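Commentary on secondary and tertiary structure
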Amino acid sequence: HSKSVSARRAACRAIVHIDLDCFYAQVETIRNPELRDKPLGVQQKYIVVTCNYEARKRGVKKMMSVKDAKEKCPQLILVNGEDLTPYREMSYKVTELLGEFCPLVERLGFDENFVDITEIVEKRLNQLQQSGCSRVCVSGHVYNNQAINLHDTTHVRLVIGSRIAEEFREAIHARLGLTGCAGVASNKLLSKLVSGTFKPNQQTVLLPESSQDLIRSLDHIQKVPGIGYKTAKRLETLGVRNVCDLQAFPSAVLEKELGISIAQRIQKLSYGEDDSPVMPSGPPQSFSDEDSFKKCSSEVEVKEKIEELLPNLLDRVYKDGRQPHTVRLTIRRFSSTNKWFNRESRQCPIPPHLIQKFGKESSNVISPLVDILIKLFRKMIDVDLPFHLTLLGVCFSNLKDLPSSTKGSIGFYLKQMSPPSGSGKRVREVEDVSQGEGSASRTQNCNRTGTTKTRKLSEEKKSNVKKAGVPNFPFHLSPGDIDQEVFRELPEDIQKEIISEKT
């Protein structure tokens, strides 16, 4: 019974996947409208990482070398895209805009977002039923041109979802100047797979009866979102190359080879089943930056490349306002057979005395950080032997709030009392830390949305604290410790925490 209930709930979900068209190229066109309708490529190092549809018509493809792209299309205009700041900023704007429609928005990279519109659909369905209206038109395409059955509420829900997806796309175009594709389906996996059926600037809805046709149309197992390169390689050794192979493969053998949880998860994915929720992205869990190149073969070069990566990365950490407690170094050795996936990493805690300097004396942090990262490098590479690297990356993780810079923390409230002379500088530093939003790098790993909204929400919650029943200022604390007026304005749980700390 519980399985049938959960199956019904899953069928009632409506998920939209928004995928912006050739995103970097669109951002460059918005920045320089003269590039519109001209073949345009965005270059990072010696690769065209993306290009617009004018360039694609002339044979240019993503991830093509600059040399080959120029041979295909001599008129190709190339823009340097190594500074990701404009793309990151526009990406956040898209996610924030979608958040105005619905709180359940999950970023996927810079150019994709999932939106769970189940509740919006339910409200509109109720309004339709109350108005006695039985007609509702689909927006965009229906996968496989499947006929819509208006007596089937699952079909009606997804059709309503297609209307909402069109509203999203219209708003993104009207307010930000961007076009994109959308997929509407009953889960994240299927909405992502169906969104690219018609490109560019179009959308497709997938009805449940066509989901198996869609999933079986994938020519390789790695085309299934959620099945990565390494898992796909292991599956290939078992003779599993496409979705039909995976569906037919004995579950017991798969569980023995991959472990029960992974085996069950990927076999579910092969049937188009995905109950993962749309998770609002929130602040980033880490900040990373990496650089790829043809060859790096000396420790001196490694040190130089780390020194190039750190300033932008430290700037982003500073503007975020939290302190990282872990640093990680990633390398990729050259391999003629395994070009993209041959990565190794080592990480270690950041020493406490360095953590304290983050955001204040970033220039003083670089040299000791380089020393730490070189030690991590030597754990992976024997520098006495020849080596050939094609990528270096640095990542700061395990981010924790600064007690003095977070409005919700006790440290913040304690600093709001009238400061003794000479302490004003510290308060100003606190305010500066909380102002910035994002910054530059080449390749990042950063999910951050809704910063201003969260801040506003916490301020609203604070202003709505009920004054009734608030304990008086505790007589055993001297007024020099805490300002009495500030103390009375605090939420009750924070008051209790201060009292317990002081007693």
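In what follows, the structure referred to is the one given above.
Anyway, here's the lowdown on the structure attached to this text. (Residues numbered from 1 in each chain as written. Predicted model: local features only at pLDDT ≥ 70, side-chain atom pairs only at ≥ 80, totals over all residues. Heavy atoms only, no water.)

1. Describing the overall build of the protein
Defined as follows: Working definition: helices are DSSP H or I runs of at least four residues, strands are E runs of at least two. Numbering for both runs from the N terminus. Contact definition: two residues touch when any of their heavy atoms are within 4.5 Å. Reported accessibility uses the Shrake-Rupley method at a 1.4 Å probe radius. Residues are deemed covered only where the shown protein chains occlude them.
When its secondary structure is counted, the protein shows 21 helices and 14 strands. Long-range pairs, those at least 24 residues apart, make up 67% of the contacts in the protein with a sequence separation of at least 6. Accessible area for the protein stands at about 26300 Å²; split by element, carbon and sulfur atoms hold 50% of it.

2. Thoughts on the environment of Arg322
Within the secondary structure layout, Arg322 lies in strand S12 (residues 322–333). Separated by 36 residues in the primary sequence, Arg322 and Phe358 have C-alpha atoms spaced 8.8 Å apart. Those residues in contact with Arg322 that lie beyond four places of it in its chain are Pro283, Pro284, Phe287, Val317, Leu399, Lys400 and Asp401.

3. Some remarks on the packing of aromatic side chains
To describe a pair of aromatic rings, one takes the distance between the centres and the angle between the planes. Rule in force here: Two rings belonging to Phe, Tyr or Trp (six-membered ring only in the last case) form a pair when the distance between their centres is within 6.5 Å. Interplanar angles under 30 degrees mark stacking, angles over 60 mark edge-to-face geometry, and anything in between is tilted. The cut-offs for exposure are 20% and 50% of the maximum accessible area for each residue type, with area from a 1.4 Å probe on protein chains only; residues under the lower value are buried, those over the upper are exposed, and the others partly exposed.
The final tally for this structure, using the stated rule, is six aromatic pairs. Measuring from ring centre to ring centre gives 6.5 Å for Tyr24 and Phe110, while their planes differ by 50 degrees; the resulting arrangement is tilted. Linking Tyr24 in helix H2 (residues 23–31) with Phe110 in the loop between strand S6 (105–108) and strand S7 (112–116), this pair joins segments that are 86 residues apart in sequence. Relative accessible area serves as the criterion here: at 18%, Tyr24 is assigned to the buried category. According to the relative accessible area criterion, Phe110 is buried, its value standing at 7%. Judged by centre distance (5.5 Å) and plane angle (85 degrees), the ring pair of Phe358 and Phe396 falls under edge-to-face. Taken together, the positions of Phe358 in the loop between helix H15 (352–355) and helix H16 (362–380) and Phe396 in strand S14 (residues 389–401) put the pair 38 residues apart, joining distant regions of the chain. The burial state of Phe358 is the same as that of Phe396; both residues are buried. Pairwise contacts between aromatic rings join Phe23, Tyr24, Tyr87 and Phe110 into one cluster.

4. Digging into the pairing of S14
Across a regular strand the side chains alternate sides, sitting on one face of the sheet and then on the other. Filter applied, for reference: One requirement defines pairing of two strands: DSSP has to find at least two bridges between them.
With 10 of 13 residues buried, S14 is to be regarded as a mostly interior element. In this sheet, S14 lies alongside strand S11 (residues 286–296) in antiparallel orientation, the contact comprising eight bridges. Across the sheet, Ser286 pairs through a bridge with Ser397, a residue of S14.

5. Here's the deal with the pattern of salt bridges
A side chain of one charge can pair with a side chain of the opposite charge if their charged atoms are brought near each other. Put simply, the rule is: One side-chain nitrogen of Lys or Arg within 4 Å of one carboxyl oxygen of Asp or Glu is enough to make a salt bridge.
One pass over the structure, following the stated rule, counts 17 salt bridges. The shortest N-O distance in the salt bridge between Asp291 and Lys45 comes to 3.2 Å. Here Lys45 lies in the loop between strand S2 (40–44) and strand S3 (47–51) and Asp291 lies in strand S11, a separation of 246 residues in the sequence. A relative accessible area of 30% means that Lys45 is categorised as partly exposed. Where Lys233 meets Glu236, a salt bridge forms, and the shortest distance between an N and an O atom there is 3.8 Å. Taken together, the positions of Lys233 and Glu236, both in helix H10 (residues 229–237) and three residues apart, correspond to about one turn of that helix. Sharing partners across several salt bridges, the network here consists of Glu54, Lys57 and Arg58.

6. Re the packing of helix H5 (residues 85–101) against helix H7 (residues 153–176)
Filter applied, for reference: Note on geometry: axes are lines fitted to C-alpha atoms, helical ones only across the stretch in contact, with angles between N-to-C directions running from 0 to 180 degrees. The scheme is simple: roughly parallel for angles under 35 degrees, roughly antiparallel for over 145, roughly perpendicular for 65 to 115, oblique for anything else. Two helices cross in a left-handed way if the nearer one is turned anticlockwise from the farther one by less than a right angle. They cross in a right-handed way if the turn is clockwise. In this count, Pro and Cys sit with the nonpolar residues alongside Ala, Val, Leu, Ile, Met, Phe, Trp and Tyr, while Asp, Glu, Lys and Arg are called charged and the others, Gly among them, polar.
At their nearest, the axes of H5 and H7 sit 10 Å apart, and the two run at 130 degrees to each other. Between H5 and H7, the crossing angle belongs to the class labelled oblique. Between H5 and H7 the crossing geometry is right-handed. In contact with Met90, Lys93, Val94, Leu97, Leu98, Glu100 and Phe101 of H5, H7 contributes Glu167, Phe168, Ala171, Ile172, Arg175 and Leu176. In terms of residue class, the contact of H5 with H7 is built from nine nonpolar, no polar and four charged.

7. Some points on the sheet that holds S3
Taken in spatial order, the four strands make up an open sheet running S4-S3-S2-S5, and their pairing is mixed. The two strands at the open ends of the sheet, each matched to only one other strand, are strand S4 (64–65) and strand S5 (77–80). Strand direction decides the pairing type here: S3 and S4, joined by two bridges, are antiparallel. Counted as the bridge partner of Ile47 is Ser65 from S4. Contacts from H2 reach S2, S3 and S5, with the element oriented near 110 degrees to S2.

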